Amino acid sequence: MKNRQHWSSRYVFLLAAIGSAVGLGNIWKFPYIVGEHGGGAFILVYLLCITLVGIPVLIAEVFIGKTAQANPVAAFTNLAIQVKASRFWVIFGYLGVLTGFLILSFYSVVAGWSLEYLSVFLQNSLLGFDAKAIEDHFLSVLASAPTLLLWHSIFMVLTVIIVGRGIKSGIEKMVGIAMPLLFIILIILVIYATQLDSFAQTLHYFLDPDFSKLNTQAVLIALGHAFFTLSLGMGAMMIYGSYLQKNTPIVRLSFGIAIMDTLVALLSGLAIFPLIFAHHLEPSSGPSLLFISLPNALLALPFGQFFGIAFFFLLLIAAISSAVSILEPVVAYLVQKTQYSRGKIVSMVGAIIWLIGIGVLLSFNHWSEVKILGNNIFDSLDYLTANILLPLGGLGIALFATWILDKNPKTSIGMVGIPHKIWWLATAFLAPVAIITIAYNGLI
Ligand code: PFF
């Protein structure tokens, strides 16, 4: 462990972890699931899930990584041996590695759409198109496997290059530039949206909850999204935590990550919905909200091209800083396991994920008839990872951190008094009960 790399500072860890958390989940997925589930009421449930389940599990995940100073598989293995617990816990390490492969394969395809739209807005090639033509453009992108493949490949190569350079010269350098830029662009976009008359309508939509659209399925989606957006349950936060010095206090850092992530999700909503409402478009149009409704709205507004470029660039930065954190635990595990160089492992893993991604992008065109339990490959992977695998991984992490590690004086979390009690109750009882009940009802 002596030669293990560490972050240059806590601040850099914070940037990288916020970079992981803030991604397509915040800017693409959050607004459209809010739109699909009726606005304010859904946001309320989501905020509850973040506070009662997300933050406690986030603390648990960073804690496990920091204590183990190792990748997720080695972390569960070594710590279980150290505290004489069952070796069974390592299942959650392997589950995380598998989930990483699956998530990145579809994440990269969606990130590719943001590259396509960045290129569209740079060339201003949708100028003069009416609503129907803008919709047709997105449908033609989805229908064209070579176009999807091109952007998916470029995105995977970028991700592989950054992860291949390692923690300090890859991830640290990238987030040092990307995250401040992301915040600046987002704030400019929100200020722009506040100038529209429809901004007030957006505030209404967020603040007046319509509980009639809430059902158990919506609650499951809110919970799954809390895991997805905080990058929980697959070892991403664990591996980032493992690059912290062993004596770093983590509670405040974890709150910082969750608060910034939630802020970006809400601000993205405040930037996007006023544009949608200004053009009387449907907020509930689903995954195509950003790629059909938003371009439609942008093109009709002053400086639409400029804000379109800013928006899709923002989406790209957010996606890359998350993608590297999905790849890192998988790579860290395989480097340690096989003793191959980082470069070799990153290329091999990148190639496998790229291949799975081809299956995903074909599900929009040639393989659209291939169904898994009634859904196409893309929807199935999204649903399986966010609503089943991540909560399951989070369950393992929460139970292991509290009942196994923290119970043992040698590996306790080092919190005391009331904060410790609250964290313990939330992580050992509340989160597991919530995950099991919601998953059970949602799946039935
Ligand atoms: N948190 C990222 C987002 O909201 O887009 C997605 C993600 C990153 C999920 C890392 C899981 C993960 F381990």
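Here, the structure is the one placed above.
Residues numbered from 1 in each chain as written. Predicted model: local features only at pLDDT ≥ 70, side-chain atom pairs only at ≥ 80, totals over all residues. Heavy atoms only, no water.

Caption draft 1: Structural context of the overall build of the protein. Looking only at helices and strands, one finds 17 helices and 0 strands in the protein. Its C-alpha atoms give the protein a radius of gyration of 21 Å, within 12% of the compact-globule value 22 Å for 444 residues. Taken over the C-alpha atoms alone, the protein extends approximately 65 × 50 × 45 Å along its principal axes. Every one of the 444 residues in the protein was classed for burial, and the buried ones make up 62%. In the protein, the share of contacts with a sequence separation of at least 24, taken over all contacts with a separation of at least 6, comes to 82%. Split by element, the accessible area of the protein, about 17,400 Å² in all, is 69% carbon and sulfur. Side chains of the protein carry 21 positive and 17 negative charges; the gap between the two charge centres is 25 Å. (Helix = DSSP H or I, 4+ residues; strand = E, 2+ residues; numbered from the N terminus. Rg over C-alpha atoms; globule rule 2.2 N^0.38 Å. Buried < 20%, exposed > 50% of the residue type's maximum accessible area, 1.4 Å probe, protein only. Contact = heavy atoms within 4.5 Å. Areas by Shrake-Rupley, 256 points an atom, 1.4 Å probe, with all protein chains shown as cover. Lys, Arg positive; Asp, Glu negative; His and termini not counted. Charge placed at Lys NZ, Arg CZ, Asp CG, Glu CD.)

Caption draft 2: Local environment of the site of the ligand. Close contacts around the ligand come from 15 residues, with Ala21, Gly25, Tyr107, Phe228 and Met234 the closest. Gly25 is positioned such that a nitrogen or oxygen atom in its backbone is 2.7 Å from an oxygen atom of the ligand. Put simply, the parts of the chain that give the shell around the ligand at least two residues each are α1 (10-21), α2 (24-36), α10 (216-229) and α14 (304-338). Across the shell around the ligand, the residue classes tally to 7 nonpolar, 8 polar and no charged. (Near = heavy atom within 4 Å. Polar contact = N/O pair within 3.5 Å; in protein donor to acceptor, adjacent residues only side chain to side chain. Nonpolar A, V, L, I, M, F, W, Y, C, P; charged D, E, K, R; others polar.)

Caption draft 3: Region of interest: the side chain of His6. As for its position among the elements, His6 is in the segment before α1. By relative accessible area, which is 15% here, His6 ends up buried. Here Arg4 takes part through its backbone oxygen, which lies 3.3 Å from a polar atom of the side chain of His6. With residues up to four places along the chain from it excluded, the contact list for His6 reads Gln69, Lys168, Glu172, Ser242, Tyr243, Leu244 and Gln245.

Caption draft 4: Summary view of the packing of aromatic side chains. The tally for this structure, following the rule as stated, stands at 38 aromatic pairs. A ring pair is formed by Tyr117 and Phe312, whose centres lie 5.4 Å apart and whose planes are at 35°; its orientation type is tilted. Within this pair, whereas Tyr117 is found in helix α5 (residues 90-123), its partner Phe312 is found in helix α14, the two being separated by 195 residues in sequence. Across this residue pair, the class does not change: Tyr117 and Phe312 are buried. Following the ring pairs from residue to residue traces out a cluster consisting of Trp28, Tyr32, Phe106, Trp113, Tyr117, Phe121, Phe138, Phe291, Phe311, Phe312, Phe364 and Phe378. Seen from the ring of Phe228, Lys29 lies directly overhead, with NZ or CZ sitting 4.8 Å from the centre. (Phe/Tyr/Trp six-rings, centres within 6.5 Å; stacked < 30°, edge-to-face > 60°. Lys NZ or Arg CZ within 6 Å of the ring centre and 35° of its normal.)

Caption draft 5: Just the packing of α5 against α14, in detail. It is at 8 Å that the axes of α5 and α14 come closest, and there the two elements cross at 160°. As summarised for this structure, α5 and α14 are arranged roughly antiparallel, according to the angle between their axes. Every pair of crossing elements has a handedness; the one defined by α5 and α14 is left-handed. Among the residues forming the contact of α5 with α14, the class breakdown is 23 nonpolar, 6 polar and no charged. (Axes fitted to C-alpha atoms, helices over the stretch in contact; angles between N-to-C directions. Parallel < 35°, antiparallel > 145°, perpendicular 65-115°, else oblique. Left-handed = near helix turned anticlockwise from the far one by under 90°.)

Caption draft 6: Quick look at helix α9 (residues 199-207). Among the residues of α9, Phe199, Thr202, Tyr205 and Phe206 are the ones counted as buried. For α9, the arc enclosing every buried residue in end-on projection is 115°, short of the 170-degree limit, so these residues lie on one face. For α9, the exposed residues set more than 90 degrees away from the buried face come down to His204 and Leu207. Buried residues in α9 make contact with α2, α3 (40-68), α8 (166-194) and α12 (251-278). (Arc of directions from axis to C-beta.)

Caption draft 7: Summary view of the nonpolar core. Among the nonpolar cores identified, the biggest contains 176 residues, and Trp7, Trp28 and Trp113 are the most heavily contacted of them. In contact with Trp113, other than residues within four places in its own chain, are Trp28, Phe138, Leu142, Leu148, Phe291, Phe364 and Phe378. (Core = buried A, V, L, I, M, F, W, Y, C linked by side-chain atoms within 4.5 Å.)

Caption draft 8: Here's a closer look at the pattern of salt bridges. Considering all chains together, one arrives at 3 salt bridges under this definition. A salt bridge links Lys29 to Asp382; its shortest N-O distance comes to 3.0 Å. Of this pair, Lys29 sits in helix α2 while Asp382 sits in helix α16 (residues 377-406); the two residues are 353 residues apart in sequence, bridging distant segments of the chain. The same class applies to Lys29 as to Asp382, namely buried. Note that Glu328 and Arg342 form a salt bridge whose closest N and O atoms lie 2.8 Å from each other. (Salt bridge = Lys/Arg side-chain N within 4 Å of Asp/Glu carboxyl O.)

Caption draft 9: Representation of the environment of Gly128 in the model. By the secondary structure assignment, Gly128 is in the loop between α5 and α6 (131-143). Its relative accessible area of 75% is what places Gly128 among the exposed residues.

Caption draft 10: Quick peek at a nonpolar patch on the surface. Residues Leu48, Leu52, Trp403, Leu425, Phe429 and Leu430 make up a contiguous nonpolar surface patch of roughly 560 Å² in combined accessible area. Those elements giving two or more residues to the nonpolar patch turn out to be α3 and α17 (417-443). Top element by residues in the nonpolar patch is α17. It accounts for 3 residues. For Leu425, the position within the fold is in helix α17. (Patch = residues over 30% accessible without salt bridge, like charges linked within 9 Å, V, L, I, M, F, W, Y side chains within 5 Å.)

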